[in-house]
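Each chain, letter by letter, is given below.
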Amino acid sequence: MSTSRLRVLGRMTAMVVVPTVPVLVWWKYARDDRQRQFQQVSTKVRVPNVQTIDDLMVEKCQPGDVILFDRRCEKCAAGPGAALACVLKKTLLCGRDDGRMRAVDGGAYDHCGIVVPGPVENGKDKYDPSNLLFLEATAGNGIIARPLLTRLEMSQSRSVILLPLMTPGERRYDDDYENPPRTQRMRDYITTQLSQFTQQMTEESAKQHYARAHSTLSVGGALGYGLNLYPYSSAPLSPSAWLVVEALQNAGVAEHISERTALETKDEDFLHDFRFCETDTVRLRPGFKFLPAVMLRETSRS
């Protein structure tokens, strides 16, 4: 092989290796950091009858509540694709308020999920907060439902907020008020539908190997929105927001205005009150609404 060809080959190799090395170093750091967090949570000592802040927050949750995350993109241990998707979603999909009021000030909420019921072994499990799961679409595990408390403890996001769902005739956080039978039946229906939806989506995700496509879909959705090409795409702008809207529609909570309603929903659309916004919002059926946001976790903005 001639000297000139060797030089060209060397330059091409350097062009690939030089930017790859720092990415691999970052990825190893992110994975090691996530593993340390997992070990810390899994070995945490639980003192009987002593509740942590996260325990108290979980007690406020019910099936149908939506939780949004302002993530740290450098903590995305699922891989470079997941980190790139995080950056693009924050850049292109977040902060599109155009002067509209939203549920919280500040933050770029690029990921969301929905609280769903866990497996029911007896009647008490149905309404036990410790039995709640968190359903979300992820790059590492696909569409997965895991214990809500564990998910909150594992989170390294800057901010995590809860949007409590209130059904018609319901008074949440009012211990002295007894919901009428019709309201309780509505809650039971939502719980049942979310349970069935969770089982269906997690099984389908495993069958279709959804985890492999999550980052690609997220990147494509953000770029499509930034280039104004999303009306011609059959992919969601945000896979995580699409999953939550589909769950709410399946439970009879969110309106199904068109086939593209869920596909064109962004994570921060949940922060806009549909009663005052025509676009960029999640429209709920009459009588349903999200209560004011509850801050589950807020750390340094750095």
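Residues numbered from 1 in each chain as written. Predicted model: local features only at pLDDT ≥ 70, side-chain atom pairs only at ≥ 80, totals over all residues. Heavy atoms only, no water.

Colleague: So what exactly am I meant to see when it comes to empty space enclosed by the protein here?
Modeller: Taking a probe equal in size to a water molecule and rolling it over the atoms shows the remaining empty space. All told, the structure shown has one cavity of 30 Å³ or more when counted by the stated rule. A volume near 30 Å³ is recorded for the largest cavity. What lines the largest cavity is Asp54, Met57, Leu152, Ser155, Val160, Leu296 and Arg297. Here the lining of the largest cavity is composed, by residue class, of four nonpolar, one polar and two charged. (1 Å grid on protein atoms, 1.4 Å probe; cavity = no way out; pocket = protein on both sides within 12 Å on 5 of 7 lines; lining within 4 Å. Points joined across faces, edges and corners; volume = space filled by probe spheres on them. Nonpolar A, V, L, I, M, F, W, Y, C, P; charged D, E, K, R; others polar.)

Colleague: Which parts of the structure should I look at to understand helix α5 (residues 181-208)?
Modeller: For the α-helix, the turn length of 3.6 residues means that residues three or four positions removed from each other point alike. With 28 residues, α5 ought to run about 40 Å at 1.5 Å a step, and its terminal C-alpha atoms sit 40 Å apart, in line with that. Looking at α5, one finds that the buried residues are Thr183, Arg187, Ile190, Thr191, Gln193, Leu194, Phe197, Thr198, Met201 and Ser205. In this structure, the buried residues of α5 make contact with β2 (111-116), β3 (133-138), β4 (142-147), β6 (165-166) and α7 (239-250). Positive backbone phi, at 55°, marks His209, one or two positions downstream of α5. (Helix = DSSP H or I, 4+ residues; strand = E, 2+ residues; numbered from the N terminus. Expected span 1.5 Å × (residues − 1). Buried < 20%, exposed > 50% of the residue type's maximum accessible area, 1.4 Å probe, protein only. Contact = heavy atoms within 4.5 Å.)

Colleague: It is not clear to me how the sheet that holds β3 should be interpreted in this structure. Could you clarify?
Modeller: Strand pairing in a sheet is mediated by backbone hydrogen bonds. Such pairs are either parallel or antiparallel. Pairing in this open sheet of six strands is antiparallel, and the strands run β4-β3-β2-β1-β5-β8 from one edge to the other. Two strands lie at the open edges of the sheet, namely β4 and β8 (294-298), each paired on one side alone. Strand-to-strand, the axes of this sheet are offset by a mean angle of 25°, without reference to chain direction. Bridge count between strand β1 (residues 66-70) and β2: four bridges; the pairing is antiparallel. Across the sheet, Ile67 pairs through a bridge with Gly113, a residue of β2. Here α5 sits on the sheet and contacts β2, β3 and β4; the angle it forms with β4, its principal contact strand, is near 130°. (Pairing = 2+ DSSP bridges. Axes fitted to C-alpha atoms, helices over the stretch in contact; angles between N-to-C directions.)

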